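Per-entry structural report
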Amino acid sequence: MFVAVYPGSFDPITNGHLDVIERGRKLFDKLIVAILRNPQKVPLFSIEEREAMIRETVKNFSNVEVAVFDGLLVKFARERGCRVIVRGLRAISDYEYATQIALVNRKMAPEIETIFLPTSAEYSYLNSTVVKEIARFKGCVRELVPAVVEEKLREKFNDISF
Ligand code: PNS
């Protein structure tokens, strides 16, 4: 069984993440979407909220699992038998940081390979921070996030009028 992990903060999941999941899942027997529980960051959505939104978003993808992890990604990947880490690359500006993390991960776990999937061009500008900023100021995020996330953002920012 060829298993890969797609890690991230997913605060919240966007259509850019979903694009990587949809394309990545075709490359492996199983893709685990792994949400980092990061005590150093104050997220907008709790880990439970983020997990629920991702579960709803990927519910029709039979080979996609959702999990939460703490600590080192490579430790989680080893425990779950993942041979590959999938990372989305939006633009060249993502490359330096993503490569640094990939090299650190390879140093710790040489048997696990990182692959970069270029995000589809239509989502190259998109990230969770941009989505939260638009929603906070009552802009429309309908084309940027799955429907369940749009709904949760509306609740979070108190009846945003889309
Ligand atoms: O969505 P993000 O915040 O860009 O995701 C970053 C993530 C979760 C992939 C990365 O921070 C991570 O793997 N963190 C876990 C700790 C770890 O293993 N760090 C790698 C060595 S620096």
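Provided above is the structure to which this section pertains.
Residues numbered from 1 in each chain as written. Predicted model: local features only at pLDDT ≥ 70, side-chain atom pairs only at ≥ 80, totals over all residues. Heavy atoms only, no water.

1. Notes on the overall build of the chain
To be explicit about the condition: Secondary structure is summarised from DSSP: a helix means a run of H or I of at least four residues, a strand means a run of E of at least two, and numbering begins at the N terminus for each. Just to be clear, the radius of gyration here is over C-alpha atoms, and the globule rule we use is 2.2 Å times residues to the power 0.38. Using a 1.4 Å probe on the protein chains alone, a residue whose accessible area is under 20% of its type maximum counts as buried, one over 50% counts as exposed, and one in between counts as partly exposed. When checking whether two residues touch, look at their non-hydrogen atoms; a contact exists if any pair is within 4.5 Å. Per-residue accessibility takes into account occlusion by the displayed protein chains alone, with areas from the Shrake-Rupley method and a 1.4 Å probe. Positive charges come from Lys and Arg alone, negative charges from Asp and Glu alone, with His and the N- and C-terminal ends not counted. Where a charge lies is defined by one atom per residue type: Lys uses NZ, Arg uses CZ, Asp uses CG and Glu uses CD.
Broken down by element type, the chain carries six helices and five strands. Relative to the compact-globule value of 15 Å for 162 residues, the chain shows a C-alpha radius of gyration of 16 Å, a close match. Projected onto the principal axes, the alpha-carbon positions of the chain cover approximately 50 × 30 × 30 Å. Evaluated residue by residue, the chain yields a buried proportion of 46% over its 162 residues. Excluding contacts between residues fewer than 6 apart, the proportion of contacts in the chain whose partners are at least 24 apart in sequence is 73%. Of the accessible surface of the chain, which amounts to about 8900 Å², a share of 52% is contributed by carbon and sulfur atoms. Of note, the chain has its 24 positive side-chain charges centred 3 Å away from the centre of its 22 negative side-chain charges.

2. Here's the deal with the site of the ligand
As a reminder, the rule being used: Summary of the distance rule: residues count as near a molecule or strand when at least one heavy atom falls within 4 Å of that molecule or strand. Counting of polar contacts relies on pairs of N or O atoms within 3.5 Å, with two restrictions inside protein: one atom must be capable of donating a hydrogen and the other of accepting it, and residues adjacent in sequence are counted only when both atoms are side-chain atoms. Classification convention: Asp, Glu, Lys, Arg as charged; Ala, Val, Leu, Ile, Met, Phe, Trp, Tyr, Cys, Pro as nonpolar; all other residues, Gly among them, as polar.
In the vicinity of the ligand there are 13 residues, among which Ser-9, Gly-71, Leu-72, Leu-73 and Arg-87 approach most closely. Take Ser-9: an N or O atom from its side chain is 2.7 Å from an oxygen atom of the ligand. Contacts to the ligand include Leu-73, whose backbone N or O atom sits 2.8 Å from an oxygen atom. The fraction of the free accessible surface of the ligand (550 Å²) that becomes covered by protein chains is 72%. Examining the composition of the shell around the ligand, we find that three residues originate from one element, helix α4 (residues 92–108), more than from any other. Counted by class, the shell around the ligand contains seven nonpolar, four polar and two charged residues.

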